[in-house]
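Notes for the structure review
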Amino acid sequence: MTTTIAVIGANGQVGSEVCLFLSEMDGIEVVPICRSELGAAPLRSWGLESRFGALTGSEEARRLLAGCHLVADFTLPRGDPGQMRAAATQVQAYAIQDAPAQARYVYISSLMALGMGERSMRLKWHRLARTQYGRFKRRSERSATKLGRRAGREVYVLRLGEVHGERQAVSIDLMSRVGRGTVTIEDRPSIVVFAFNIAEALVSIAAGGQAPGVYSLVCEPDWSLPEVYAYYCGRAGVEPDIVRLPDPAGDRGPVRAALSSLRAAASSTVARFALRHRDLLATYLLASVPELERRFRARYHLRRAASEIAELKEQGVERPFGGAFQGRSPGRRLSGQSDCRTSMEPLAARVRARLLFRADADA
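Bear in mind the structure is a predicted one, so any value in this text is a computation, not a measurement.

Here's the deal with the sheet that holds strand 4 (residues 70-73)
- Strand order in the open sheet formed by seven strands is 3-2-1-4-5-6-10, and the pairing between neighbours is parallel. Looking along the sheet, the strands with just one partner apiece sit at the ends: strand 3 (51-52) and strand 10 (213-217).
- For strand 4 and strand 5 (residues 104-110), the ladder comprises four bridges, and the chain directions are parallel. Along strand 5, the bridge assignment pairs D73 with Y107.

Right, dumping it as structure tokens:
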């Protein structure tokens, strides 16, 4: 029996590559859904026929989703926050209420829904989202779950990590940077997920292999940051030259991590107090206790020297993952996911061949 998977927003960077992987899987028929023929042109060049239209009414939604066993929503509306929420909710509403009776609905979200931001890089749930994108994804997750409950539809939310693949910008960038010399990388988990993993997850959900709910989707088991870099070195045919730095989070349990956070907060408070009242402290406290003054000065100079030495060591050494999130991604994981270290390459090779065929034809 063939399983039919509809992909809304199939002309996007992630959706289009997921369609390619689905089309290479046995027993799967993929139905890319695009707003226009122009947006579907690349898909057509890869041999994928699309359906055209927008989910703006029940009749149109039923036509676009006819015969599908699963609907995967990759749409990311544009506009101001209010326009984005309204457009996303509209797609969700028609997809959930008008898909075939037994079809499952999957909303493609992001780990950014946890609420991280530029100054909050720890992978954990934050009460307030630090970015507009994270807030939008949170609201869309709640909307999809609520609409699914009303319609009696099985709804799944996949919070994607950093998506890599044959057409993904982050992968193309890494491929262009390998082989330039020594790199320094912290030896800690990444949040990398490949388009292959997403396609595999959709197939598993369509087959009824997962319970409805919210899932974090990254490689299973996690790839470390050095493994990610070594993978692209292997793709480029160069030997990785990696200086591994220890994981700053270390192997701490929750109690030790909490105590460390409290110590850091206390130290920060003391430092701010000392900085704010440094003139008074220097005048009254340090002046009357010479030994204490000498210790403070020695500690200051040691820290400054260590900082300058670290800067000199890093000159000319690239850090390809300088802005990576910290910690292991929290949340429930899908069961039965394969280890893409060994399972991905056969399909990835076929996807690359189709992409190269199109590039050669364009040339």
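Looking at the packing of aromatic side chains
- A complete count under the given rule lists five aromatic pairs for this structure.
- Between F21 and F196 the ring centres are 6.0 Å apart and the planes differ by 70 degrees, which places this aromatic pair in the edge-to-face class. Of the two residues, F21 is situated in helix 1 (residues 13-23) and F196 in helix 7 (residues 195-206); the sequence distance between them amounts to 175 residues.
- For F21, a relative accessible area of 2% translates into the label buried.
- Taken together, the ring pairs connect F194, W223, Y231 and Y232 into an aromatic cluster.
- Positioned above the aromatic ring of W125, the side-chain terminus of R138 is 3.8 Å from the ring centre.
- Between R332 and the ring centre of Y215, over which it is positioned, the NZ or CZ distance is 4.4 Å.

A word on empty space enclosed by the protein
- Inspection of the entire model under this criterion finds two cavities of 30 Å³ or more.
- In this structure, the largest cavity encloses a volume near 50 Å³.
- Lining the largest cavity are 13 residues, with G165, E166, F194, Y231 and M344 positioned closest to its centre.
- Going through the elements one at a time, helix 1, helix 7 and helix 8 (225-236) are the ones with two or more residues in the lining of the largest cavity.
- Counted by class, the lining of the largest cavity contains seven nonpolar, three polar and three charged residues.
- In this structure, the second largest cavity encloses a volume near 30 Å³.
- S216, L217, V218, E220, R333, L334 and Q337 are the residues that line the second largest cavity.
- Partitioning the lining of the second largest cavity into residue classes produces three nonpolar, two polar and two charged.

Focus on the packing of helix 3 (residues 58-65) against helix 4 (residues 81-98)
- For the pair helix 3 and helix 4, interaxial distance at closest approach is 9 Å and the crossing angle is 65 degrees. Judged on the interaxial angle alone, helix 4 and helix 3 are roughly perpendicular. Remark: the crossing between helix 3 and helix 4 carries right-handed chirality. Here S58, A61, R62 and L65 of helix 3 come into contact with helix 4, specifically with Y94, A95, Q97 and D98.
- Classifying every residue of the contact of helix 3 with helix 4 gives four nonpolar, two polar and two charged.

Remarks on the pattern of salt bridges
- This model, assessed by the stated rule, comprises 18 salt bridges.
- In the salt-bridge network here, residues are joined through shared partners; they are E166, R235, E345 and R352.

Points about helix 7
- Between the first and last C-alpha of helix 7 there are 17 Å, a value that for 12 residues agrees with the 16 Å anticipated at 1.5 Å per step.
- With 11 of its 12 residues buried, helix 7 lies for the most part within the structure.
- The complete set of buried residues in helix 7 reads A195, F196, N197, I198, A199, E200, A201, L202, S204, I205 and A206.
- The positive-phi residue at the C-terminal boundary of helix 7 is G208, with phi of around 80 degrees.

What to know about the side chain of R159
- Considering the arrangement of structural elements, one finds R159 in strand 6 (residues 155-160).
- Assessed through its relative accessible area of 12%, R159 is described here as buried.
- Leave out the neighbours within four places in its chain, and R159 touches S109, S110, L111, A113, L114, W125, E141, V214, Y215, S216 and L217.

Considerations on the nonpolar core
- Judged by nonpolar contacts, the single largest core of 59 residues is most densely connected at L22, L158, F194 and L202.
- Dropping the residues within four chain positions of it, L22 is found in contact with I5, V7, I28, V30, A199, L202 and V203.
- Formed by 24 residues, the second largest nonpolar core is a distinct cluster that contains L64, V71, F136 and V157.

How each quantity is defined
Chains are numbered independently. Their residues run from 1 in the order of the written sequence. Local features in this predicted model are restricted to residues whose pLDDT is 70 or higher, and side-chain atom pairs enter the listing and the counts only when it is 80 or higher, whereas totals over whole chains, interfaces and linings include all residues. Calculated side-chain values reflect all of the structure's heavy atoms, with hydrogen atoms and water omitted. Note: two strands are recorded as paired if DSSP finds a minimum of 2 bridges between them. Secondary structure elements are defined from DSSP: runs of H or I of at least 4 residues count as helices, runs of E of at least 2 residues count as strands, and each element is numbered from the N terminus. Each pair of aromatic rings taken from Phe, Tyr and Trp, with Trp reduced to its six-membered ring, is defined by centres within 6.5 Å and is described as stacked if the planes are under 30 degrees apart, edge-to-face if over 60, and tilted in the remaining cases. Burial classification: accessible surface area is computed with a 1.4 Å probe over protein chains only, and a residue below 20% of its type maximum counts as buried, one above 50% as exposed, and the rest as partly exposed. Two conditions define a charge located above a ring, namely a distance within 6 Å from the ring centre to NZ of Lys or CZ of Arg, and an angle within 35 degrees of the ring normal. Residues are called lining when one of their atoms sits within 4 Å of a cavity or pocket point, these points coming from a 1 Å grid over the protein atoms alone, where a cavity is a set in which a 1.4 Å probe fits but cannot get out and a pocket is an open set with protein on both sides within 12 Å along at least five of seven lines. Grid points are joined across faces, edges and corners, and a volume is the space filled by probe spheres set on the points. As a working rule, the residues Ala, Val, Leu, Ile, Met, Phe, Trp, Tyr, Cys and Pro are called nonpolar, Asp, Glu, Lys and Arg charged, and the rest polar, with Gly in that last group. Note on method: axes are straight lines fitted to C-alpha atoms, helices fitted across the in-contact stretch only, with angles between N-to-C directions ranging 0 to 180 degrees. Oblique is the label for any angle not under 35 degrees, not over 145, and not in the 65 to 115 range, which are roughly parallel, roughly antiparallel and roughly perpendicular in turn. The hand of a helix crossing depends on one turn: near helix anticlockwise from the far one by less than a right angle means left-handed, and clockwise means right-handed. We call two residues in contact when some of their heavy atoms are within 4.5 Å. Put simply, a salt bridge is a Lys or Arg side-chain nitrogen that is within 4 Å of an Asp or Glu carboxyl oxygen. Working rule for helices: expected span equals 1.5 Å times residues minus one. We call a set of buried Ala, Val, Leu, Ile, Met, Phe, Trp, Tyr and Cys residues a nonpolar core when their side-chain atoms join them within 4.5 Å.

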